[in-house]
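Next come the chains, spelled out residue by residue.
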Amino acid sequence: MYYNFKEIEKKWQKKWASTSAFCAQANPERKKYYLLEMFPYPSGKIHMGHVRNYTIGDVASRFKMLEGYNVMHPMGFDAFGQPAENAAIKNKTKPSDWTHKCIKEMEIELKKMGFSYDWEREVSTCDSDYYKWNQWIFLKMFERNLAYKKASGVNWCPSCQTTLANEEVVDAGCWRCHTKVEQKDLEQWYLKISEYKERLLEDLSRLKNWPPRVLAMQNNWIGKSSGVDIYFRLKNSDKIIPVFTTRCDTIFGATYIVLAPEHALVKELIRGNAQEKEALEFIKKVSAISKIVRSASDVKKEGVFTGSFAVNPVNNEEVPIWIADYVLMEYGTGAIMAVPTHDQRDFLFAKEHKLPMRIVITPKDGPVKLAEGLSGAYEGDGVQINSGEFNGLTNQEAKIKIAQWMEDKGIGNIQTRFRLRDWLISRQRYWGTPIPIIYCPSCGVVPVPYEDLPVKLPADAPFTGEGGSPLGKVKKFVEVKCPKCKGRARRETDTMATFFDSSWYFLRFCSPKFDKAPFDAKEAAYWMAVDQYIGGIEHAILHLLYSRFFTKFFQDLKMIDFTEPFDKLLTQGMVLKDGEVMSKSKGNIVDPDSMIKNYGADALRLFILFAAPPETELEWDERGLEGALKFLNRIWRIRENLKSAAGPEVIKCLHRTIKKVSEDFSEFKFNTAIASLMELTNAIYQYGADKQVFSKFLIMFSPIAPHFCEELWQILGNKESIFKASWPKFDPEFLVEENVEMVIQVNGKLRSKIEVPSDISQDKLKEMVLGDIKLAPWLKGKPPKKFIIVPKKLVNIVI
RNA sequence: GCUGGAGUGGUGGAAUGGCAUACACGUCGGUCUCAAAAACCGAUGAGGGCAACCUCGUAAGGGUUCAACUCCCUUCUCCAGCACCA
């Protein structure tokens, strides 16, 4: 007979809701613990990824609660975004109706899993009470020149009909629909995240409890590199072209320079030259291709000669100036010096266009290779040659000396460059936060005054699917009075990228109904930072970088006094089926709802935690889920067979288990914690348990299977919720064994085992070991050279 | 190419210098039953041996150590992120 999980789970979910069991209040007397899982986009249905993410969080949250912490465990919805608009077009509904319906459905599913959320703190980013503060934050950034508008080539998704941030372009496609991204010249709003690049990079070192790969990814993304701007002068002109290089040690080998096709000087350089026509055609061709496609490494590097020359400042050599598609305007100075002998890209380009080469670094102890015989660039370290006064130095020494020498002579400037670009936040969509800006023909760009916030989304925008923002078609939204001159003006119709919304929601949870600012500083001071954050690796750059940026911004506004929002981060692994990610297109989706129906939420939670450690991928296996249910039933039966007093074997095992589970839960090693609870269960089956042992077992197991344990807890006669109980403590006395089994090795190989009193003296132990008949053939009568004794574990005899 | 991570039974996984394979899944056998299911008990890395036992075994090779899945070096494979970033 299976226990009735359907009834039991429903019963306790109702009870927890009616008693507000998980509602948290700030209390300076108590130690707080803020546990947060990344909030979901309300698609209407939870998937196994959500189940895994939120189960891990729920166990941690309930464990901390039992340990006596004041736990805040909130949940909300990242509710703006394109699916709602697409649904509106398809089903002729309104995005807000569709979204709110989805949120309702999702709340029901989350509640069915028995998660211990503080629902009174729930937020939805599409509520004007929330997005009002997006606008508030935007205006604060605008005041500090951290939000600005600029025209430039931007990533454009033709399917979503909107612009995308660099972070949202994945494999040259849109992160949502995978459509190939195009390039468009548009005037768009940006956030100056680059202002924070040094801090964002440096503070990574504070994040000791973040996974190394996330730190590595952010480090890469910020992409700091040090080098020198070297000033090349145009031949027959005073004009200077600075080029950025990290390899100034190769400057004597620079035989030509290359500019990006968009470089400001290009037009002037080609004017009147024989190459002008060819060059103009090339520029036209390149500008039509998106930057992403252009920068794909498998595309052949193309370029043309400008017909002009520059002067290498270190040796006054005249070098040709080329333009090529592989030089990017956005990075460095938009111009490079080319050293074909020591840079593979330059090498290939020089070979193709028959440009000169000169070796300036030769491998230590290696022969000097001749340019004619060179099959590829030598990019390694070595000794300087053909480098004037720097000959003979190692290139690493030369790098430092040449940089300094250039600064002294005024022909170069030591520079640090970053890869991180500013964050494009304008979206030509409806279902997002309106950017609070008004364009006035006489006053220009005018911010909406704070007292006029929120700028609400009009409810009656038309959804035709014809492209272009629906907001632009709502007259009463667009046509406004200028706040300054009261003249006729036009409202900004772009909305904010939804990543803006999620960059500070963890602060909103501290005071979700606060109406004077995005959050109440006092509440935030108590609850922040988030002690444990849990979510998918897909947000390793986007969301986590933006959230760090916003936190630093709030710190600068003196609204908070910390600089990093998330103390510990756990990125959970994906749930796979037959080795592949579950997806609609593969048709291998396992629906959590039907699993709850067939096995119960507790069994699902148990399986998901037991099948793999949280960070690794989890292979879905329904047999494992059956196994989880079997284990629950095995425990269920214990209640009928409790003895009046448990024997010493079980008591010892209990204390070992308490120690192990306490340690494992703290380190999120749920799979091994469950394994040790299973061992205790096996011991109970062998030796029997009393009520006390079983109660302690239930407390330890309750974070994993909360409904199940509440029910048994009540059956044992307890009136209060099991989550009001306190976490059991182990007694070290019970961990001490009178006798221990010791492993006896000869030359490191296991040859025997003996049981000895655990407090045996070394001499007595040696005596016993030498008397062990099993060892005789291995010792061969020879006297042992050495005894290695690891107390209570092992003896190794070296002969 | 750069960066980070991983490689252990038929399967998921455990062990971070000290008995390799805990705990489960699966498989096989037993108990109960007219029978089956459920439940309970037991076996289960490979090879050899009647057996006690022996040999081999954590991607491959080498090293350090009394002792290596674990530390070091070399190589291979897989996963993930970034990538004409000068």
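Criteria and thresholds
- Residues numbered from 1 in each chain as written.
- Chains lettered and ligands numbered in written order.
- Predicted model: local features only at pLDDT ≥ 70, side-chain atom pairs only at ≥ 80, totals over all residues.
- Heavy atoms only, no water.
- Pairing = 2+ DSSP bridges.
- Helix = DSSP H or I, 4+ residues; strand = E, 2+ residues; numbered from the N terminus.
- Salt bridge = Lys/Arg side-chain N within 4 Å of Asp/Glu carboxyl O.
- Buried < 20%, exposed > 50% of the residue type's maximum accessible area, 1.4 Å probe, protein only.
- Expected span 1.5 Å × (residues − 1).
- Contact = heavy atoms within 4.5 Å.
- Near = heavy atom within 4 Å.
- Polar contact = N/O pair within 3.5 Å; in protein donor to acceptor, adjacent residues only side chain to side chain.
- Axes fitted to C-alpha atoms, helices over the stretch in contact; angles between N-to-C directions.
- Parallel < 35°, antiparallel > 145°, perpendicular 65-115°, else oblique.
- Phe/Tyr/Trp six-rings, centres within 6.5 Å; stacked < 30°, edge-to-face > 60°.
- Lys NZ or Arg CZ within 6 Å of the ring centre and 35° of its normal.

K.L.:
How would you explain the sheet that holds strand β27 (residues 580–581) if you had to name every residue and give the values?
P.N.:
Within the open sheet, the three strands sit side by side as β27-β26-β28. Their pairing is mixed. Of all the strands in the sheet, just β27 and β28 (618–619) have a single pairing partner and so form its edges. Pairing between strand β26 (residues 575–577) and β28: two bridges, direction parallel. Within the sheet, the bridge partner assigned to Leu576 lies in β28 and is Glu619.

K.L.:
A description of the pattern of salt bridges should follow, citing residues and the corresponding values.
P.N.:
One pass over the full model with this rule turns up 33 salt bridges. We note a salt bridge from Asp593 to Lys112, for which the minimum N-O separation is 3.0 Å. Remark: Lys112 occurs in helix α4 (residues 95–112) and Asp593 occurs in helix α18 (residues 592–599); sequence separation between them is 481 residues. Residue classification places Lys112 among the partly exposed residues on the basis of a relative accessible area of 30%. The residue Asp343 makes a salt bridge to Arg345 at a minimum N-O spacing of 2.8 Å.

K.L.:
I'd like a description of the pairing of strand β30 (residues 749–757), backed by residues and values.
P.N.:
Inspection of the sheet shows strand β29 (residues 739–746) paired to β30 by eight bridges, in the antiparallel sense. Note on β30: the bridge partner recorded for Val743 is Lys753. A loop of two residues connects β29 with β30, the two strands running antiparallel in sequence, and Asn747 in this loop sits at a positive phi of about 50 degrees.

K.L.:
Please give an account of helix α1 (residues 5–18) that cites residues and values.
P.N.:
In this model α1 runs 20 Å from its N-terminal to its C-terminal C-alpha over 14 residues, within 8% of the 20 Å that 1.5 Å per residue would give. Where α1 is buried, its residues meet α2 (48–66), α4, α18, α19 (601–610), α20 (622–636) and α24 (706–715). Just past α1, the residue Ser20 takes up positive phi, approximately 45 degrees.

K.L.:
I'd like a description of unusual backbone geometry, backed by residues and values.
P.N.:
Peptide bonds are mostly trans, and most non-glycine residues show a negative phi. Residue Leu453 is joined to Pro454 through a cis peptide bond whose omega torsion reads 0 degrees. Relative to the helices and strands, Pro454 resides in the loop between β20 (444–447) and α13 (475–478). In this chain, Met528 is followed by Ala529 through a cis amide linkage whose omega measures 0 degrees. Tracing the backbone through its elements, the reader meets Ala529 in the loop between α16 (521–527) and β24 (530–536). With phi around 60 degrees, Asn236 is a residue other than glycine that occupies positive phi space. Topologically, Asn236 is positioned in the loop between β8 (225–234) and β9 (240–245). One non-glycine residue, Asn747, adopts positive backbone phi at about 50 degrees. Along the chain, the position of Asn747 falls in the loop between β29 and β30.

K.L.:
Can you lay out the protein's contact with RNA strand B for me, pointing to particular residues and giving the numbers?
P.N.:
Lining the immediate surroundings of RNA strand B are 54 residues, of which Lys301, Arg345, Ala611, Lys753 and Asn796 lie closest. Across the atoms of RNA strand B situated within 4 Å of the protein, the share located in sugar and phosphate is 63%. A distance of 2.3 Å separates a phosphate oxygen of RNA strand B from a polar atom in the side chain of Arg345. Note that a phosphate oxygen of RNA strand B is positioned 2.9 Å from one of the side-chain N or O atoms of Asn671. Counting only elements with at least two residues in the surface near RNA strand B, the list comes to α7 (212–222), β9, α20, α22 (670–687), β29, β30, β31 (786–790) and β32 (794–798).

K.L.:
Residues and numbers for the packing of helix α21 (residues 648–666) against α22, please.
P.N.:
Viewed as axis vectors pointing N to C, α21 and α22 meet at an angle of 170 degrees, and their least axial separation amounts to 9 Å. Classified by the angle between their axes, α21 and α22 sit roughly antiparallel to one another. On α22, the residues touching Glu649, Val650, Cys653, Leu654, Thr657, Lys660, Val661, Asp664 and Phe665 of α21 are Phe670, Thr672, Ala673, Ser676, Leu677, Glu679, Leu680, Ala683, Ile684 and Tyr687.

K.L.:
Outline the side chain of Asp343, listing residues and values.
P.N.:
Its location among the elements puts Asp343 in the loop between β13 (335–338) and α11 (344–353). Sequence-distant contacts of Asp343, defined by excluding residues within four places in its chain, comprise Ala377 and Glu379.

K.L.:
Go over the packing of aromatic side chains, please, and point to the residues and values.
P.N.:
Evaluation of the coordinates by the stated rule reveals 55 aromatic pairs. Between Trp16 and Phe723, the aromatic rings sit 6.3 Å apart at their centres with planes inclined by 70 degrees, giving edge-to-face as the arrangement. With Trp16 in helix α1 and Phe723 in the loop between α24 and β29, the pair connects residues that are 707 residues apart, well separated along the chain. The structure contains a cluster of three or more aromatic residues connected by ring pairs, namely Tyr196, Trp423, Phe499, Phe500, Phe519, Tyr546, Phe549, Phe550, Phe553 and Phe554. Lying across the ring of Phe244, Arg417 places its NZ or CZ 5.0 Å from the centre.

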